[in-house]
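# Close look at the chain arrangement
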Amino acid sequence: MPLDNIRETELFWNQIMMEHALFIRVLLDPTECELLEMADTFAGDYCRLLGRLSCAEAVY
C-alpha cells in the first residue's frame, strides 16, 4: 500500500475514533466520572495522533 494511502487511512480512522469518544462522552451520565475521564483520555489520545500525523505529512 502506498505511503499516502496508509496516511489517509490512519487520518480517517483516528478522526472517527476521536469523534466516537466525544459522542460517547455526551451520552454518559454526569455521575459516571471515571467513564467521562476515560472518554476524555481517548479523545485526547486520538487528537494527539491526528496532530502527529499532520506533522509527519509535512515531512514527506
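Further up the page is the structure itself.
Our subject in this report is the structure included herewith. Values in this document were obtained by computation on a predicted structure and should not be read as measured data.

### Notes on the overall build of the protein chain
The helix and strand inventory of the protein chain stands at two helices and zero strands. Going through the 60 residues of the protein chain one by one, you find that 20% of them count as buried. Look at the contacts in the protein chain between residues 6 or more apart in sequence, and 58% of them connect residues 24 or more apart. A total accessible area of about 4,700 Å² is found for the protein chain, and carbon and sulfur atoms account for 65% of it.

### Some details on the pattern of salt bridges
Within this structure, the stated rule accounts for two salt bridges. For the salt bridge of Asp40 with Arg25, the shortest nitrogen-to-oxygen distance reads 2.5 Å. Of this pair, Asp40 sits in helix α2 (residues 33-59) while Arg25 sits in helix α1 (residues 3-27), and the two are 15 residues apart along the sequence. On the basis of relative accessible area, Asp40 is assigned to the partly exposed category, the value being 36%.

### A short note on the packing of aromatic side chains
For the structure shown, the criterion picks out one aromatic pair. Each ring, one from Phe12 and one from Trp13, has its centre 4.9 Å from the other, and the planes form 80°; the classification is edge-to-face.

### Some words on the nonpolar core
Judged by nonpolar contacts, Leu11, Met18, Ala21, Ala43, Leu50 and Leu53 together constitute the single largest core of six residues. When contributions to this core are tallied by element, the ones reaching two or more residues are α1 and α2. Non-local contacts of Met18, meaning those with residues more than four positions away in its chain, are made with Ala43, Tyr46, Cys47 and Leu50.

### Things to note about a nonpolar patch on the surface
Judged by side-chain polarity, Phe23, Ile24 and Leu27 come together as a nonpolar surface patch covering roughly 340 Å² of accessible area. Summarising the element assignment, Leu27 is placed in helix α1. On the basis of relative accessible area, Leu27 is assigned to the exposed category, the value being 61%.

Calculation criteria
- Every chain is numbered on its own, with residues counted from 1 as its sequence reads.
- pLDDT decides what is reported in this predicted model: residues at 70 or higher carry local features, side-chain atom pairs at 80 or more are listed and counted, and totals for whole chains, interfaces and linings draw on all residues regardless.
- Excluding hydrogens and water, the side-chain values take into account all heavy atoms of the structure.
- For helices the rule is a DSSP run of H or I covering at least 4 residues; for strands it is a run of E covering at least 2, with both sets numbered from the N terminus onward.
- For every residue, the accessible area (1.4 Å probe, protein chains only) is compared with the maximum for its type, and the residue is labelled buried under 20%, exposed over 50%, or partly exposed between those bounds.
- Any two residues whose heavy atoms approach within 4.5 Å are treated as being in contact.
- Areas reported here follow the Shrake-Rupley algorithm with a probe of radius 1.4 Å; residue values treat only the protein chains shown as occluding.
- For this document, the term salt bridge refers to a Lys or Arg side-chain nitrogen within 4 Å of an Asp or Glu carboxyl oxygen.
- Ring pairs shown here join Phe, Tyr and Trp side chains whose ring centres sit within 6.5 Å, with only the six-membered ring taken for Trp; geometry is labelled stacked below 30 degrees between planes, edge-to-face above 60, and tilted in between.
- Residue types Ala, Val, Leu, Ile, Met, Phe, Trp, Tyr and Cys, when buried and joined through side-chain atoms within 4.5 Å, form a set referred to as a nonpolar core.
- The residues that make up patches have over 30% relative accessible area and no salt bridge, and they are joined within 9 Å when like-charged or within 5 Å when they are Val, Leu, Ile, Met, Phe, Trp or Tyr.

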